[in-house]
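Tertiary structure, described
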Amino acid sequence: QVQLVESGGGLVQPGGSLRLSCSASGFTFTRYAMTWYRQAPGKERELVATITSAGGSTNYADSVKGRFTISRDNAKNTVYLQMASLKPEDTAVYYCKAGRTSSTRTSVYWGQGTQVTVSS
């Protein structure tokens, strides 16, 4: 059974930091690129950061560049999102996604999300 379980969300003051984790099971984690998305109330889900299967390449939304860092530990089947200098506009539900495209199929798995609220 495939599972992606996010954790680490919560309430933080502006300027603060949080580290989100996404623990994966039920599939070969090392073959999948991992991506963090977020969705704020009334807005579409947006890509935050992505990391390749081996962790050699990362990409970020302009809105989080220089503040957020995505990383992965393939030995622990876990991807992380370190968030710093948080702003109220970072408030959203954060989701992790696993994605892989082979010559024959595309596989995508989503977690249930974790709430991040940035407020004083």
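Described in the following lines is the structure provided in the data block. (Residues numbered from 1 in each chain as written. Predicted model: local features only at pLDDT ≥ 70, side-chain atom pairs only at ≥ 80, totals over all residues. Heavy atoms only, no water.)

1. Looking at the overall build of the protein chain
When helices and strands are tallied, the protein chain shows 0 helices and 11 strands. Secondary structure elements of the protein chain occur, N-terminal to C-terminal, as β-β-β-β-β-β-β-β-β-β-β. Relative to the 2.2 N^0.38 estimate, which gives 14 Å for 120 residues, the radius of gyration of the protein chain is 14 Å and therefore close to what a compact globule would have. Seen along its three principal axes, the alpha-carbon backbone of the protein chain occupies a region of about 45 × 25 × 25 Å. Buried positions account for 40% of the 120 residues belonging to the protein chain. Of the roughly 6400 Å² of accessible surface on the protein chain, 44% is carried by carbon and sulfur atoms. Here the protein chain holds 13 positive side-chain charges and 7 negative ones, and the gap between their average locations is 8 Å. (Helix = DSSP H or I, 4+ residues; strand = E, 2+ residues; numbered from the N terminus. Rg over C-alpha atoms; globule rule 2.2 N^0.38 Å. Buried < 20%, exposed > 50% of the residue type's maximum accessible area, 1.4 Å probe, protein only. Areas by Shrake-Rupley, 256 points an atom, 1.4 Å probe, with all protein chains shown as cover. Lys, Arg positive; Asp, Glu negative; His and termini not counted. Charge placed at Lys NZ, Arg CZ, Asp CG, Glu CD.)

2. A short note on the side chain of Arg72
Relative to the helices and strands, Arg72 resides in strand β7 (residues 68-73). Buried charge without a salt bridge: Arg72, with Asp73 as the nearest opposite-charge side chain at an N-O distance of 8.3 Å. Only 3.0 Å separates the side chain of Arg72 from the backbone oxygen of Phe29, close enough to count as a polar contact. In this view, Arg72 contacts Phe29, Thr30, Tyr32, Ala33, Met34, Ile51, Thr52, Ser53, Gly55, Thr78 and Val79; residues no more than four positions away in its chain are not counted. (Salt bridge = Lys/Arg side-chain N within 4 Å of Asp/Glu carboxyl O. Polar contact = N/O pair within 3.5 Å; in protein donor to acceptor, adjacent residues only side chain to side chain. Contact = heavy atoms within 4.5 Å.)

3. Some details on the nonpolar core
One finds Met34, Trp36, Leu81, Met83 and Tyr94 to be the most contacted residues of the largest nonpolar core, which totals 30 residues. For this core, the secondary-structure elements that each account for two or more residues are β3 (18-25), β4 (33-39), β5 (46-51), β7, β8 (78-83), β9 (92-101) and β11 (114-118). Aside from chain neighbours lying at most four places away, what touches Leu81 is Leu18, Arg19, Leu20, Trp36, Val48, Ala49, Phe68, Thr69, Ile70 and Tyr94. (Core = buried A, V, L, I, M, F, W, Y, C linked by side-chain atoms within 4.5 Å.)

4. With respect to the sheet that holds β7
Ordered by their spatial adjacency, 4 strands build an open sheet running β1-β3-β8-β7, and the pairing between neighbours is antiparallel. Both outer strands of the open sheet, β1 (3-7) and β7, are each paired with one neighbouring strand and no more. Across the sheet, the mean angle separating the axes of adjacent strands is 15° when strand polarity is ignored. Both β7 and β8 contribute to a ladder of 6 bridges, which runs antiparallel. Bridging across to β8, Ile70 finds its partner in Leu81. (Pairing = 2+ DSSP bridges. Axes fitted to C-alpha atoms, helices over the stretch in contact; angles between N-to-C directions.)

5. Comments concerning the state of the cysteines
The term disulfide refers to a covalent linkage connecting the sulfur atoms of a pair of cysteines. Applying the stated criterion across every chain, the model contains 1 disulfide. Shown here is the disulfide that connects Cys22 with Cys96, its sulfur atoms set 1.9 Å apart. Measuring the twist about the S-S bond at about 45°, one finds the Cys22-Cys96 disulfide to be right-handed. Here the residue Cys22 occupies a position in strand β3, and Cys96 occupies one in strand β9, the gap between them amounting to 74 residues. (Disulfide = S-S within 2.5 Å.)

6. Remarks on the pattern of salt bridges
Scanning the entire structure with this criterion turns up 4 salt bridges. The shortest N-O distance in the salt bridge between Asp90 and Arg38 comes to 2.9 Å. Of the two residues, Asp90 sits in the loop between β8 and β9 while Arg38 sits in strand β4, which places them 52 residues apart along the sequence. By the burial criterion, Asp90 is buried, and Arg38 matches it. The salt bridge partner of Asp90 is Arg67, with a shortest N-O separation of 2.8 Å.

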